[in-house]
Amino acid sequence: MSEPLLEVSNLTLDYNLGSRKMRALDRISFTLGKGQVMGVAGESGCGKSSLGLSIIGLLPTVAEIKRGEIVFNGIDLLKLPEAEMDKEIRGQKITMIFHNPQNALNPVFTIETQMTDILCVQDKYRNPGSRKRRQDFKRQAIERLKSTGIADPDARISNYPFEFSGGMKQRVIIGMALSSGTSLLLADEATTALDVTIEAQINRLITELAAEYGTSVLYITHNLAVLSEISDRIMIMYAGRVFEMGWTESVLGDPWHPYSAALLESLPGRQPRGKRLHSIPGYVPPLDQLPRGCSFHPRCRFAEDICRRQVPPLIEVSSEHWSACFLDQKRGRDTWQRI
Amino acid sequence: MAEDLIRIRNLKTHFYQGKGLLSRVFGQGLKIVHAVDGVSLSIKKGSTFGLVGESGCGKSTLGKTIFRLVEPLEGEIIFEGRDVVKMNQKDLREFRQKAQIIFQDHFGCLNPRMTAGQIVAEPLIMCRGKQVSQRSIEHEVVRLLRAVNLDPDAAVKFPNEFSGGQARRIGVARAIALNPIFIMADEPTSGLDISTAATILNLMQDLQDKMNITYLWVSHNLTQVKYMSDDMAVMYLGKVVEMGRTSEVFNKMAHPYTQALIPAVPRVSSKQRKQTILLKGEIPSPINPPSGCYFRTRCPQVFKRCEREEPPLLDLGGGHFCACHLYDGH
C-alpha cells in the first residue's frame, strides 16, 4: 500500500439537538493512501457526509467530536487551531466538492469573481504580504476552467452561474477544488444530480485530475456502481459505523457483511428481467433510536442472539478486508470466536 | 402477439417563450421550444414500455402530453381505438380514470394538508362519490394501503410523517385506486435509497401481474429500464432515436447515441473497468436544435449528410428502429 496521507482513528461524533443526542459517527477508523481513491457508500443518514465534513472541519455548531484523531500528513487536524486550519489546510491541502452544484455557487457573482477569489485568498495565505489583486489571477482561473473541459473558457469565465448547465457548474466547482496544491479531495455525491453521460465525464475528470496531481480522493456516494468503476478501496457505512472495508474488487465481488451483500442484491442490474429484487426490510433507524448490539440486526436475515446484545467489532476477515459482523457468512460460524 | 393499448403518431408538443407582453413590446422574437418533436410509438397491452433519455430530452413532456396535461401541437394518441387529442372534457375524464400517473416528486404530489387516507380516497370520491357510501370508501382505502404494503394506520397520518419510500407508495396507492389499465411512472424511484427503490420495483411488478396494468416507465436510469421494461425507446432532443425490444436495444445498440449512453451507465462488476466512448459536450438547446440530425453536434461518427438531412426512423428488422444515416443503405 502507498504511503498513508490521511489516518482517521476512532472518530466519534455526536449531534446534540436539545434533548436528542445522536451519534452520527461511531469509532470510525481508516487509512487513505497517497493517490488513492476511497469510496464511502451507504444509505442516506448513515453518516457519510458527516465524515467528510469532520475531515475538512466544517461541522455545524451542534456537532461535537467526542474522541478520535484525524491525522493528515502527520498533523492531527482536530488539535489544529482554527486559524491554522484556514491558512494551511481547508481549501488548500484539503478541498471539497459539495452535494449540489446548483447551490454551491453564488448566483450574484460571475464565475470569474468566484474563481479568482479563491486563488487570491490562497495566494495571501501562501505568500504573506503578496500585493497581487484578484484580477491578476484571471489567467490562472481560465487555465483551470480549461483543464476541466469547459469549451471557450475565455468567454465563459465572465458568465454567471445561471448561464451554465448542471454539468458545467460541477466542472467549475471541480476546477475550484482541484489544483496542484491539493492533496486530498472530498467529493460528496459529486455527480448525483447529473445525467449518465455527464456523470461519466465528471467521474473520468476527477480520476484523471487526481492521477495527474497525485491527489487522494474520498468519494462519498450511495451509488455502488460508480464506486466499482472509479475507486481503489471501498468503505460501507451504516448508522454511523463502518460495516465493511477493503479493496473494491474484494468488497463488491465477495462481500462478507450481510448488509453489503443485501445492498448489492437490491441493484436491478444484477437480476434478470422479471426476477424479484431483494430488498432489505425496514428502514435505517433514526440515529437517536439505534437498537442495541449490531445496529443492523432488526433488518438482518442472519441475526442471532449475540447480534442483539453486542456490537460486532471490525475484524480483518481476509487480507486487507475488514467486516463488522459476528457471522462469517460463508462458513456459517462466528468469525468472532474463531479469532 | 398482444394488441396495442396506445398508439402515438407523429406527436409534437412545442412550448413558446416570449409570448408575453414584455417581450412583444421590446421586440424579442417568439422562441419555440421543440419539447416533443414528431414521436411515434406504440405500447402493447400488459407490457412495460421504457422511455429513456437525458434530462431535457422531452420524455416527461411526452408522458404529460399523452394525458393531455400539456396540449399537443399535432399528432394523434390512439388509446383503445379512440384519439385522446380529439376527446372532449367528458371523454377525457373517463380516459383519465383508466390512465393514471405516478409523479416524479413523491412529496410534491401529495397535499401536505390531507392525510394519506384522504389522498387515496380522493379519486374514489371524485369518480364514484355519489354512488358509494363513506363506509365502503374507507374500506377501499384500507385495501389499497394494504396492496402497497402500507399499514392501514397510515391512513390518518400526514405526508410529512412518511419516509420517501412510503410517500411513493401512497402515490402508487392513489394511482391504482380506480383500477387503471395504464400507468405512467415518471422516475418512480428517483431520490430513493437502493434498497427502498428495490421494494418499489417489486411492488410495481406485483401490481402489474395482479391487475394486468400497462406501464409507461419514464426514467433516466437505464439499468432499471433494462430490468423492468419489455420494449423501450431512447429519446434525444424531443425525438426517438432508437426503439425496439429492450433486449435487442441493449444487445445491438444501433444508434451512436445509444452506443455512448448505455456503456456510460456505471455497473457493479469487480472484473474489469471498461473503456467507454465519452460523449463530448451536452445536449443542445431545444430552442435552436441543430440542422439535420439533432445528435450530430456530439456524434463521434458524424458525416456530411447528417448536417443536411434529418434521418428518418429506419426499420432494422424485428421491430428494431433507429434514426441514423449510418443504417441507410444508399
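In this text the structure is predicted, and so the values were computed from the model without any measurement.

Looking only at helices and strands, chain A features 13 helices and 14 strands. For chain A, whose C-alpha radius of gyration is 21 Å, the value lies close to the compact-globule estimate of 20 Å for 339 residues. Taken along its principal axes, the extent of the C-alpha atoms in chain A is 65 × 50 × 40 Å. Looking at chain A as a whole, 53% of its 339 residues are labelled buried. In chain A, the share of contacts with a sequence separation of at least 24, taken over all contacts with a separation of at least 6, comes to 62%. Of the roughly 14,500 Å² of accessible surface on chain A, 50% is carried by carbon and sulfur atoms. When the 41 basic and 39 acidic side-chain charges of chain A are each reduced to a single mean position, those positions are 3 Å apart.

Glancing now at the overall build of chain B. The helix and strand inventory of chain B stands at eleven helices and twelve strands. Against the globule reference of 20 Å for 330 residues, chain B gives a C-alpha radius of gyration of 21 Å, in line with a compact fold. Across its three principal directions, the C-alpha atoms of chain B cover 70 × 60 × 40 Å. Contacts in chain B between residues far apart in sequence, at least 24 positions, make up 65% of those at least 6 positions apart. Of the accessible surface of chain B, which amounts to about 15,400 Å², a share of 50% is contributed by carbon and sulfur atoms. If you average the places of the 42 positive and of the 33 negative side-chain charges in chain B, the two averages end up 2 Å apart.

Residues and elements named next belong to chain A. At their nearest, the axes of helix α4 (residues 111–126) and helix α7 (residues 166–177) sit 10 Å apart, and the two run at 20° to each other. One element, α4, and the other, α7, form an angle in the roughly parallel class. As for the relative orientation of α4 and α7, their crossing is right-handed in sense. In this structure, α4 contributes Ile-111, Gln-114, Met-115 and Ile-118 to the contact, and α7 contributes Val-172, Gly-175 and Met-176.

On to the sheet that holds strand β2 (residues 20–33) of chain A, then. All names here are of chain A. Read across the sheet, four strands follow the order β2-β1-β4-β5 without closing on themselves; strand pairing throughout is antiparallel. Every interior strand has two partners, whereas the edge strands, β2 and β5 (75–76), have only one. Sheet topology places strand β1 (residues 4–17) next to β2; ten bridges connect them, and they run antiparallel. Each residue of the ladder has a partner; that of Asn-16, found in β2, is Lys-21. Against the sheet, helix α1 (residues 48–56) makes contact with β1, β2 and β4 (63–72), and its axis sits at roughly 70° relative to β2, the strand it touches most.

Residue and element names in this part refer to chain B. In the contact formed by helix α4 (residues 116–128) and helix α5 (residues 134–147), the axes pass within 9 Å of each other and the chain directions differ by 120°. The orientation of α4 with respect to α5, classified from their angle, is oblique. Seen from above, α4 lies across α5 with right-handed handedness. Residue-level inspection shows Gly-117, Val-120, Ala-121, Leu-124 and Ile-125 of α4 in contact with α5, the latter providing Ile-137, Glu-140, Val-141, Leu-144 and Leu-145. Considering only residue class, the contact of α4 with α5 consists of eight nonpolar, one polar and one charged.

The next thing to look at is the interface of chain B and chain A. Tallying the contact residues gives 42 residues for chain B and 45 residues for chain A. Where chain B abuts chain A, roughly 3,600 Å² becomes buried across the two surfaces, and 50% of that area is made up of carbon and sulfur atoms. Taken together, the links from chain B to chain A amount to one salt bridge. For the salt bridge of Asp-206 of chain B with Arg-276 of chain A, the shortest nitrogen-to-oxygen distance reads 2.7 Å. Connecting chain B to chain A are five residue pairs in polar contact (both at pLDDT 80 or more). The greatest single-element share of the side of chain B that touches chain A, amounting to eight residues, is contributed by helix α7 (residues 194–211) of chain B. Of the residues in the side of chain B that touches chain A, the class split is 13 nonpolar, 17 polar and twelve charged.

Turning next to the environment of Glu-7 of chain A. All names here are of chain A. On the secondary structure map, Glu-7 appears in strand β1. According to the relative accessible area criterion, Glu-7 is partly exposed, its value standing at 39%. Linking Glu-7 and Cys-325, residues 318 residues apart in sequence, is a C-alpha distance of 23 Å. Glu-7 has contacts with Phe-30, Thr-31, Glu-69, Ile-70 and Val-71, leaving out every residue within four places of it along the chain.

Residues and elements named next belong to chain B. For chain B, per-residue confidence averages 88 on the pLDDT scale, and 94% of positions sit at 70 or higher. Within chain B, the lowest mean pLDDT, 68, falls on helix α1 (residues 21–25), and the highest, 95, falls on strand β10 (residues 239–245). For this predicted complex, the interface confidence comes out at an ipTM of 0.74, alongside a pTM of 0.81.

The phi dihedral of Ala-239 of chain A is positive, around 45°, even though this residue is not glycine. Structurally, the position occupied by Ala-239 of chain A is in the loop between β9 (233–238) and β10 (241–247). Here Glu-80 of chain B, not a glycine, exhibits a phi torsion of approximately 50°, which is positive. As for its placement among the helices and strands, Glu-80 of chain B is situated in the loop between β4 (74–79) and β5 (82–83).

Bringing the environment of Pro-266 of chain B into the picture now. All names here are of chain B. Note that Pro-266 resides in the loop between α10 (256–264) and α11 (304–308). The exposure class of Pro-266 is buried, given its relative accessible area of 11%. Note: C-alpha distance between Pro-266 and Thr-223 (43 residues apart in sequence) is 9.0 Å.

Moving on, we get to the nonpolar core. If you look at the biggest cluster of nonpolar residues, it comprises 97 residues, and the most contacted ones within it are Phe-30, Leu-51, Ile-55, Leu-224 and Met-235 of chain A. Aside from chain neighbours lying at most four places away, what touches Leu-224 of chain A is Ala-41, Ile-236, Leu-252, Leu-263, Leu-264 and Leu-267 of chain A together with Ile-194 and Val-268 of chain B. Grouped together as the second largest cluster of nonpolar side chains are 64 residues, Ile-102, Cys-109, Tyr-227 and Cys-293 of chain B included.

The end-to-end C-alpha distance of α7 of chain A is 17 Å, a good match for the 16 Å that twelve residues give at a rise of 1.5 Å each. Residues of α7 of chain A that are buried include every one of Gly-167, Met-168, Lys-169, Gln-170, Arg-171, Val-172, Ile-173, Ile-174, Gly-175, Met-176 and Ala-177 of chain A, and no others.

With that settled, consider the pairing of strand β9 (residues 231–236) of chain B. Residue and element names in this part refer to chain B. Among the six residues that make up β9, six are buried, leaving the element largely enclosed by the rest of the structure. Where burial is concerned, the two faces of β9 agree: the one with Asp-231, Ala-233 and Met-235 and the one with Met-232, Val-234 and Tyr-236 are both buried. Connecting β9 to the antiparallel partner β10 that follows it, the hairpin turn spans two residues, and Leu-237 within it adopts a positive phi of roughly 50°.

Attention now goes to the packing of aromatic side chains. Residue and element names in this part refer to chain B. Scanning the model with the defined rule gives 14 aromatic pairs over all chains in all. The interplanar angle of 40° and the centroid separation of 6.1 Å between the aromatic rings of Phe-67 and Phe-95 together place this pair among those described as tilted. Here Phe-95 lies in helix α3 (residues 89–98) and Phe-67 lies in the loop between α2 (59–66) and β4, a separation of 28 residues in the sequence. Per residue, the accessibility class of Phe-67 equals that of Phe-95, and both read buried.

How each quantity is defined
Residues numbered from 1 in each chain as written. Chains lettered and ligands numbered in written order. Predicted model: local features only at pLDDT ≥ 70, side-chain atom pairs only at ≥ 80, totals over all residues. Heavy atoms only, no water. Helix = DSSP H or I, 4+ residues; strand = E, 2+ residues; numbered from the N terminus. Rg over C-alpha atoms; globule rule 2.2 N^0.38 Å. Buried < 20%, exposed > 50% of the residue type's maximum accessible area, 1.4 Å probe, protein only. Contact = heavy atoms within 4.5 Å. Areas by Shrake-Rupley, 256 points an atom, 1.4 Å probe, with all protein chains shown as cover. Lys, Arg positive; Asp, Glu negative; His and termini not counted. Charge placed at Lys NZ, Arg CZ, Asp CG, Glu CD. Axes fitted to C-alpha atoms, helices over the stretch in contact; angles between N-to-C directions. Parallel < 35°, antiparallel > 145°, perpendicular 65-115°, else oblique. Left-handed = near helix turned anticlockwise from the far one by under 90°. Pairing = 2+ DSSP bridges. Nonpolar A, V, L, I, M, F, W, Y, C, P; charged D, E, K, R; others polar. Buried area = accessible area lost by both parts, 1.4 Å probe. Salt bridge = Lys/Arg side-chain N within 4 Å of Asp/Glu carboxyl O. Polar contact = N/O pair within 3.5 Å; in protein donor to acceptor, adjacent residues only side chain to side chain. pLDDT = per-residue confidence, 0-100. Core = buried A, V, L, I, M, F, W, Y, C linked by side-chain atoms within 4.5 Å. Expected span 1.5 Å × (residues − 1). Phe/Tyr/Trp six-rings, centres within 6.5 Å; stacked < 30°, edge-to-face > 60°.

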